[in-house]
Amino acid sequence: MKLKIALQRSGRLSDGSTGLLRKCGIGFSNGLGKLRAEAADFPLEIFFLRDDDIPDYVADGVADIGIVGENVIAENPKAVDTIEKLGFGRCRLSLAVPKGFEYSELSQLAGKKIATSYPNILREYFASRGVSADIHEISGSVEIAPSIGLADAVCDLVSSGSTLFSNGLREVETVMSSEAVLIRRRDLETEQQAILDKLLFRIRSVKAAAQNKYILLNAPVERVDEIKRLLPGMRSPSMVPLADEGWVSLHSVVSETDFWEVVDALKNAGAEGILVLSIDQMIR
Ligand code: ATP
Ligand code: ZN
């Protein structure tokens, strides 16, 4: 028995999705234009689809699991479970107005025409804030709507904001934040759930690894106690004597979020020759 996974065929989530599987040790060939692939060394069959179709395919059981943006599920809820955030494809759905619009609060958009591909999320957002706007659904190129006189403002997905900027728009409110998530159909068989659990274990190891760095450094023996306190590690740092007496090499794992603070503190405590490596998998 195999587990069937649906991934975006070509778009912003494609590299992240196939990259994640590869980091999980799952190899497959995905030649351009291929719609289907079999994993070489894991009971997984991969379908490459348009992202908007993925929730339906999973709900209908054509695929068992899939990777999509949270925004797609929020706009069009289906009978699927969201089981894991994946840490890539991060973006936000934002309201933006033309640069000349002196925006200070949402009520200024009352009665205004707003172009978006996410009418359901946006309607809910306005309703929950007691503002009523005129929402126009368009399927693409939302950012040009104000300049061609189609709308007064837009609500669109943004990551850097450069597309908005180059269209003379300014981001004023975040309607929702989104990242890629793993979804599952609701009636998986026991054997498929077991394959999914195995995959999830690997995904979590890859995610943990991405949030941590492996660090090696040299330290004078008399400063080791102080330096050890700065290096939490998975248990405690490994310590290896150097050929030069009075020096040791310490190896540990530090979280990416406080990484630079730790490095500064280590330097101040006398650490030298600090090396930092990325981690492929981290099994806890
Ligand atoms: P498809 O042909 O598969 O329908 P698409 O054009 O609808 O592709 P993409 O633009 O590739 O989709 O976006 C896919 C997902 O990537 C979005 O739903 C969103 O979750 C995420 N994403 C991340 N950053 C951005 C961004 N700057 N703009 C749009 N989507 C983004
Ligand atoms: Zn799409």
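Rules used throughout
Residues numbered from 1 in each chain as written. Chains lettered and ligands numbered in written order. Predicted model: local features only at pLDDT ≥ 70, side-chain atom pairs only at ≥ 80, totals over all residues. Heavy atoms only, no water. Donors = N, O, S within 2.8 Å, 3.2 Å for Na, K, Ca; no water. Tetrahedral: all angles 85-135°; square planar, octahedral: opposite > 155°, others 65-115°. Buried < 20%, exposed > 50% of the residue type's maximum accessible area, 1.4 Å probe, protein only. Near = heavy atom within 4 Å. Polar contact = N/O pair within 3.5 Å; in protein donor to acceptor, adjacent residues only side chain to side chain. Areas by Shrake-Rupley, 256 points an atom, 1.4 Å probe, with all protein chains shown as cover. Helix = DSSP H or I, 4+ residues; strand = E, 2+ residues; numbered from the N terminus. Nonpolar A, V, L, I, M, F, W, Y, C, P; charged D, E, K, R; others polar. Domains from an automatic or database assignment. Salt bridge = Lys/Arg side-chain N within 4 Å of Asp/Glu carboxyl O.

S.K.: Just checking my understanding: could you explain the coordination of the zinc ion (ligand 2) for this structure?
M.R.: For a metal with four tetrahedral donors the ideal donor-metal-donor angle is 109.5 degrees, whereas six octahedral donors ideally subtend 90 or 180 degrees. Those protein atoms acting as donors to the zinc ion (ligand 2) are D51 (OD) and D52 (OD), and they sit at 1.9 to 2.1 Å. Considering all 4 donor atoms around the zinc ion (ligand 2), the spread of angles at the metal, 74 to 171 degrees, places the coordination shape in the irregular class. Taking relative accessible area as the criterion, D51 reaches 18% and is therefore assigned buried.

S.K.: How do you make sense of the site of ligand 1 when you look at a structure like this?
M.R.: The local shell around ligand 1 holds 16 residues, among which R12, R50, D52, N71 and S159 are the closest. Residue Q8 places a side-chain N or O atom 2.8 Å away from an oxygen atom belonging to ligand 1. Here a nitrogen atom of ligand 1 sits 2.8 Å away from a polar atom, N or O, in the side chain of S159. Across the complex, the protein chains shield 78% of the 630 Å² of accessible surface that ligand 1 would expose by itself. Within the residue set of the shell around ligand 1, elements represented by two or more residues are α3 (70–75) and β9 (153–158). Tallied by class, residues from the shell around ligand 1 come to 5 nonpolar, 6 polar and 5 charged. The residues that make up the shell around ligand 1 include at least three from each of domain 1 (3–89 + 179–209) and domain 2 (91–177).

S.K.: Just checking my understanding: could you explain the domain arrangement of the protein for this structure?
M.R.: How big an interface is tends to be expressed through the accessible area that disappears when the partners come together. When cut into domains, the protein gives domain 1 (3–89 + 179–209), domain 2 (91–177) and domain 3 (212–278). Relative placement of domain 2 and domain 3: their C-alpha centres are 48 Å apart.

S.K.: Explain the pattern of salt bridges to me, please; I cannot follow it from the model alone.
M.R.: Pairing is possible between side chains of opposite charge, provided their charged atoms come close. Per the stated rule, a full pass over the model turns up 16 salt bridges. Salt-bridge contacts for R92 lead to E171; the nearest nitrogen and oxygen are separated by 2.7 Å. Placement of the pair is R92 in strand β6 (residues 91–98) and E171 in strand β10 (residues 169–178), with a sequence separation of 79 residues. With a shortest N-O distance of 3.5 Å, K213 and E256 are connected by a salt bridge. Note that K213 is positioned in strand β12 (residues 212–220) and E256 in the loop between β14 (247–255) and α8 (259–268), a separation of 43 residues in sequence. Note on K213: relative accessible area 21%, which makes it partly exposed. Residues joined in a network through salt bridges with shared partners are K2, R36, E38 and E45.

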